[in-house]
Amino acid sequence: MKKITVAIDGFSSCGKSTIAKSLARQTGYIYVDTGAMYRAVALFAMENGWMTDNYIDTAQLQKHLSQIQISFKTNESGIQETYLNGKNVEQEIRSLKVANGASRISALGFVRQELVKQQQLMGIGKGIVMDGRDIGTVVFPRADLKIFVTARPEVRALRRMKELQAKGENPTFEQVLANVRERDLRDTTRTESPLKQAEDAILIDNSNMTIDEQQKLVLNLFNQKEING
Ligand code: DC
């Protein structure tokens, strides 16, 4: 059977990565979390003092962008983790602070160009499930299967709050909801590759779906595409 390219895009905290990871596991495909790549660049900028709450030193970041190496490795428990210049940064990049930084970093054209180039290289051999915001529109506009995931902001904020609590952070629901809305606005209105559904993407609103239901649905869509080519 011919391998295909799967692009999964959508809003933050709508379960894209759960869908993408599970599909990759079930099909033996490579999984790439492109959000983790933007988060890693943000962490790099923060660690070097080029990014504060209201400022990004774009000249320094651009100058050093080629020094950033992002890779993924699967740990003993089968969980994929993100590495920045050889260091495991999986925990650090999941904080609210880095999420906010990533949202700002991802609006920079030169950062997007570099990461899109790396993502396209990763997908050369097909057999890949990539999730992000611009995968079906910019990275792989000719992807065989495109899925656009969404859920109501309140549902996403609740899911995000549980994730953050599990990591020891204790924000209020209002804070997380405000953060979700702020990121939605920034992701959809930025000039560089704003988040939007590709015309040929299949829309899944999972506000009222269980993880099992959406996994079955996506696997079904995948099987139709892989079999029919
Ligand atoms: O999916 P995430 O929350 O880990 O993504 C972090 C940030 O990166 C988010 O604000 C959107 C941005 N992003 C992007 O602009 N393009 C992508 N392909 C992936 C993420």
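To keep things clear, this report deals only with the structure shown in the data block. (Residues numbered from 1 in each chain as written. Predicted model: local features only at pLDDT ≥ 70, side-chain atom pairs only at ≥ 80, totals over all residues. Heavy atoms only, no water.)

Taken in spatial order, the five strands line up as β2-β8-β1-β9-β10 in an open sheet, and their pairing is parallel. Single-partner strands in this sheet number two, and they are β2 (30-33) and β10 (202-205). Sheet twist, expressed as the average angle between the axes of neighbouring strands with direction ignored, equals 20°. Looking at chain direction, strand β1 (residues 5-10) and strand β9 (residues 145-150) are connected through five bridges and run parallel. By the bridge assignment for β9, Asp9 is matched with Phe148. Of the strands in this sheet, β2 and β8 (128-132) touch helix α2 (residues 34-47), which is tilted by about 40° from β2. (Pairing = 2+ DSSP bridges. Helix = DSSP H or I, 4+ residues; strand = E, 2+ residues; numbered from the N terminus. Axes fitted to C-alpha atoms, helices over the stretch in contact; angles between N-to-C directions. Contact = heavy atoms within 4.5 Å.)

Taken together, 15 residues lie near the ligand, and Arg39, Arg112, Asp134, Arg183 and Arg190 sit nearest. Within the side chain of Arg183, a nitrogen or oxygen atom sits 2.6 Å from an oxygen atom of the ligand. Measuring from an oxygen atom of the ligand, one finds a side-chain N or O atom of Asp187 at 3.4 Å. Elements that contribute at least two residues to the shell around the ligand include exactly α2, α5 (96-105) and α9 (173-189). By residue number, the principal contributor to the shell around the ligand is α2, which donates four residues. Residues that form the shell around the ligand fall into these classes: three nonpolar, five polar and seven charged. (Near = heavy atom within 4 Å. Polar contact = N/O pair within 3.5 Å; in protein donor to acceptor, adjacent residues only side chain to side chain. Nonpolar A, V, L, I, M, F, W, Y, C, P; charged D, E, K, R; others polar.)

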